[in-house]
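Here's the letter readout for the chains.
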Amino acid sequence: MEIELLAPGGSYNSVLAAFNAGADAVYTGGNMFGARAGAENLTLEQLIDVIQYAHIHRKKIYLTVNTLLKDEEIENELYNFLLPLYENGLDAVIVQDMGVLLFVRRYFPELRIHASTQMTILGAETIKELENLGVCRVVMPRELSLEEIRDIHRHTSLEIESFVHGALCYCYSGQCFLSSYIGGRSGNRGRCAQPCRMEYDMIAEGRILNPGNQKYILSPKDICTLNIVPDIMNAGVCSLKIEGRMKKMEYVAGVVSIYRKYIDLYRNHPDQYKVDEEDLKRLADLFHRNGFHESYYYQHNGADMISLKRPQFRKENRELNQMLRENYSGKILKRKIDVKVKCVKNHPLEIITVIDGETIMVSGMVPEQAKNRPTEKETVIRQICKSGNTDFSIQNIDVEMGEELFLPIGALNELRRRFLSCVEQFILSKNFRIVQQPPPMEEYIPFSEQKFAVTVSVWNKEQLNAVLSLPVAETVYLEIQGFGEALSEAMRKAKEAGKRVMLALPYIFRKADKELLDKRYFTWIQYADGILVRNVEEYFYLLHRGVDKNFVFDYNVYTNNRISKQYYLRRGKTQTTVPLELNYQELKKRGVCGEEFIVYGYMPVMISAGCGFKTCGACFQDNRQYQLGDRLGNRFPAKCVCESCYNIIYNCKPLSLFSYAEEILELNPKSVRICFTLENERQARDVLRKAQEAFLKKNKVQEDDKTTRGHFKRGVL
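A few points on the structure.

The next point concerns the overall build of the protein chain. The helix and strand inventory of the protein chain stands at 23 helices and 31 strands. Overall, the protein chain is about 110 × 60 × 45 Å in size when its C-alpha atoms are taken along their principal axes. Residue pairs in contact within the protein chain that sit at least 24 positions apart in sequence constitute 71% of those at least 6 positions apart. A total of about 29,800 Å² of accessible surface is found on the protein chain, and carbon and sulfur atoms cover 47% of it. With 96 positive and 91 negative side-chain charges, the protein chain shows a spacing of 3 Å between the two charge centroids.

Now the structure itself:
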């Protein structure tokens, strides 16, 4: 497809300004289900209005429905929310939730679906499955390099969309729980409180590694890719996306106008592509965080990507903002059309045009024989060309004018109004849809021999020793990147102890991780009883490699509603993990039968391509750990996974649900899981004894304030 400049529209005025500034498409949200609940967002009437405005001017509107939905929201709200927008020709929806994807495909079959960056799509195998499900575009994670995007482009026919400007999250999109655990405001529900923009101490071996004014260690600089736009386009990206639905109209218009200039420059004169420093200054005047960076396209991580210092007060460039308001706010685009006017004796007055290859003709009164002064051709041209505040302007007009004829000015004006109205309705009618509602989706309930069990995941041999010393767990998950070269010995010990051995794969699975898995771990996968996957790319990659095992999808392969859960269960030999952001009542409604329920563990709040040590100027490549200290005295443990070069930042307190064992068992899960990450052997044994008391002996266990109950009671908004 043609290169598309995609702009954010957090408000009605921002949407119009983005189009005025040169955007080909705008992504915007309504009053629900969008990942920017804090934006002004558009009413239903405004959404319909901008959809129609976009179509008149050959542009597009994409609706953000990119949050995780609960069962009652899909059942009671989603259909009615989308129906009038679908009928009026909404161009696409951007989705994160697999349940939403399947719902849209069934009930709104002509609506294009874009897979959100929140889906954490890391490879071509996932994209192939999404294509089978009817997805037409994938939004790349910001962390992927141009080499990886180029490789994905070679293996798919789907459109690729990628970010080129704006704010950058520290965490892989869709893998962040920091705001959720701190204050119940879930990024997966569009309510992120942005705790990553706060101050933190980087602590290792009792030392603070970021002294002074270097505290914003989780706050990346905004990305600006103006200098490498040609590289991004040549890598196979067809839609260049600007971030900023929380930004003001001036920001949107300013950024769009500059990127429009350079996209057109490269398209028309590629050999003359050079960025003017003045344009970079204008972008900085609109917004930046201690400068810009080109993001991950050519760099994996590093201190120069992070806005370490306290954000400086930026003096407003009033002249620039005034210019942007004058040029792009409060104005409407004009679609140019060519018309022919026929005004001849004994024949109704006609206006004719051709739109998209089809002829539109509107007729009026029959001209009268002039008694005094005949109507002049120039008068007809002047009146027909008065388009006023409509969306059209007459570019060329051809008038066939008979002699000695008279036409009242009012008749010409009335004909022009009817003609422009017909043109508008014709254009809009091309996008109108009629809905024929299919029967409800069938609910799939897999057969399961319900034998309750306790499972444990371990990162090291000390934790494994604790598991093998107590008769609590039947299944042990071995973290492959925790054991490394010692994995084979760990598998042997666990199997000799009579345990069912599952291998836990990394949270991130990119091109280099596939090569590492093939080289180091694939042999051991053949001997395992099953696989715990943290990313759907791992699942489809292993299926493609012919691996026929039992698969457990971890909590971050989201199944917040029954539709998404059933999608994974229908595949066979699969088990899902209970979501962490649903409370007890929501889980009762969704159902937990046959699933695995995490009841203990330091839960990850961020999976990041960034590295705390690298940001502080060091790189040890030995999987060492550190802590992040916030202003309230909380310490968030973090672990470097150096094989794949990503960091796992954990919650400051471990989740512990032993006191709710009775309620959890009433939900009828197939198993409960204990996740060991930072615990030593003694601590692991203590936790296992608690699990034995609570879930096997069914005795009451007391919790203390050193642990958290997570969202089991409170849930998220």
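Moving on: the sheet that holds strand β29 (residues 646-650). Spatially, the 6 strands line up as an open sheet ordered β9-β8-β27-β28-β29-β26, and their pairing is antiparallel. Here the strands that pair on one side only, and so sit at the sheet edges, are β9 (207-208) and β26 (604-608). As defined by bridge partners, strand β8 (residues 201-204) adjoins β9 across 2 bridges and the pair is classed as antiparallel. Bridge pairing links A204 to R207 in β9.

Contact geometry for helix α1 (residues 12-21) and helix α9 (residues 249-268): axes closest at 8 Å, N-to-C directions at 20°. Of the possible angle classes, the one that applies to α1 and α9 is roughly parallel. The handedness of the crossing between α1 and α9 comes out as right-handed. On α9, the residues that touch N13, S14, A17, A18 and A21 of α1 are M249, V252, A253, V256, S257 and R260. For the contact of α1 with α9, the class distribution of residues is 7 nonpolar, 3 polar and 1 charged.

Let us look at the pairing of strand β28 (residues 635-641). With 6 of 7 residues buried, β28 lies mostly within the body of the structure. By the bridge criterion, 5 bridges tie strand β27 (residues 625-629) to β28 in an arrangement that is antiparallel. Residue pairing for β28: Q627 is matched across the bridge by P637. Between β27 and β28, which follow one another and run antiparallel, lie 5 residues, and G633 among them has a positive phi close to 90°. Sheet topology places β28 next to β29; 4 bridges connect them, and they run antiparallel. Residue pairing across strands places V641 opposite Y646, the latter belonging to β29. Linkage of β28 to β29, two consecutive antiparallel strands, is achieved through a turn of 4 residues, within which C645 is found at a positive phi near 55°.

This part is about the packing of aromatic side chains. Scanning all chains against the criterion turns up 27 aromatic pairs. Ring centres 6.1 Å apart and planes at 40° place the aromatic pair F177 and Y181 in the tilted group. A residue is classified by how much of its surface remains accessible, and F177, at 3% relative accessible area, is buried. Judged by centre distance (5.3 Å) and plane angle (80°), the rings of F613 and Y626 are edge-to-face. Remark: Y626 occurs in strand β27 and F613 occurs in helix α21 (residues 612-615); sequence separation between them is 13 residues. Classification of F613 by relative accessible area gives buried; the value is 4%.

Now for helix α23 (residues 681-696). The end-to-end C-alpha distance of α23 is 21 Å, a good match for the 22 Å that 16 residues give at a rise of 1.5 Å each. Those residues of α23 not exposed but buried are A684, V687, L688, A691, Q692, A694 and F695. Of the surrounding elements, those touching the buried residues of α23 are β19 (453-458), α14 (461-469), β25 (596-601), α22 (661-666) and β31 (671-675). Trailing α23 by a residue or two, K698 shows a phi angle of about 60°, which is positive.

Another aspect to go through is the pairing of β19. Most of β19 sits out of view: 6 of its 6 residues are buried. Covered by surrounding structure in β19 are A453, T455 and S457 together with V454, V456 and V458, the residues of both alternating faces. Where β19 lies against β31, 5 bridges are found, and the strand directions are parallel. Along β31, the bridge assignment pairs V456 with I674. Relative to strand β20 (residues 475-479), β19 runs parallel, the two being bridged by 4 bridges. Bridge assignment links T455 to a residue of β20, and that residue is T475. For the handedness criterion, the β-α-β arrangement of β19, α14 and β20 is classed as right-handed.

Rules used throughout
- The numbering scheme is per chain: residues are counted from 1 as the chain's sequence reads.
- Thresholds applied to this predicted model are a pLDDT of at least 70 for local features of residues and 80 or more for the giving and counting of side-chain atom pairs; totals over whole chains, interfaces and linings are not thresholded and use all residues.
- Where side-chain values are given, they derive from all heavy atoms of the structure, hydrogens and water being excluded.
- For the purposes of this entry, the term helix denotes a DSSP run of H or I that reaches at least four residues, the term strand denotes a run of E that reaches at least two, and both are numbered from the N terminus.
- Contacts between residues were defined by any pair of non-hydrogen atoms, one from each residue, lying within 4.5 Å.
- Only the protein chains shown count as cover for residues, and all accessible areas are computed by the Shrake-Rupley method using a 1.4 Å probe.
- Charge counting follows a simple rule: Lys and Arg are positive, Asp and Glu are negative, and His as well as the terminal groups are ignored.
- Note that the charge is assigned to NZ on lysines, CZ on arginines, CG on aspartates and CD on glutamates.
- The rule for pairing is simple: two strands pair if DSSP sees at least two bridges between them.
- Helix axes are fitted to C-alpha atoms over the stretch in contact, other axes to C-alpha atoms as well, and angles between N-to-C directions run from 0 to 180 degrees.
- For classification purposes, an angle smaller than 35 degrees is called roughly parallel, one larger than 145 roughly antiparallel, one from 65 to 115 roughly perpendicular, and anything else oblique.
- Crossings are classed by handedness, with left-handed meaning an anticlockwise turn of the near helix from the far one by less than a right angle and right-handed meaning a clockwise turn.
- When residues are sorted by character, Ala, Val, Leu, Ile, Met, Phe, Trp, Tyr, Cys and Pro go into the nonpolar class, Asp, Glu, Lys and Arg into the charged class, and all the rest, Gly among them, into the polar class.
- Three labels apply to residues, based on accessible area from a 1.4 Å probe with only protein chains included: buried if under 20% of the type maximum, exposed if over 50%, partly exposed otherwise in between.
- A pair of aromatic rings is counted whenever rings of Phe, Tyr or Trp (Trp by its six-membered ring) have centres within 6.5 Å, and the orientation is called stacked for planes under 30 degrees apart, edge-to-face for over 60 and tilted otherwise.
- Expected span, for any helix, means 1.5 Å times one less than how many residues it has.
- Orient the strands so they point away from the viewer, and a crossover whose first-strand-to-second-strand path over the helix runs clockwise is right-handed.

Keep in mind that these numbers describe shape and distance, not what the molecule does.
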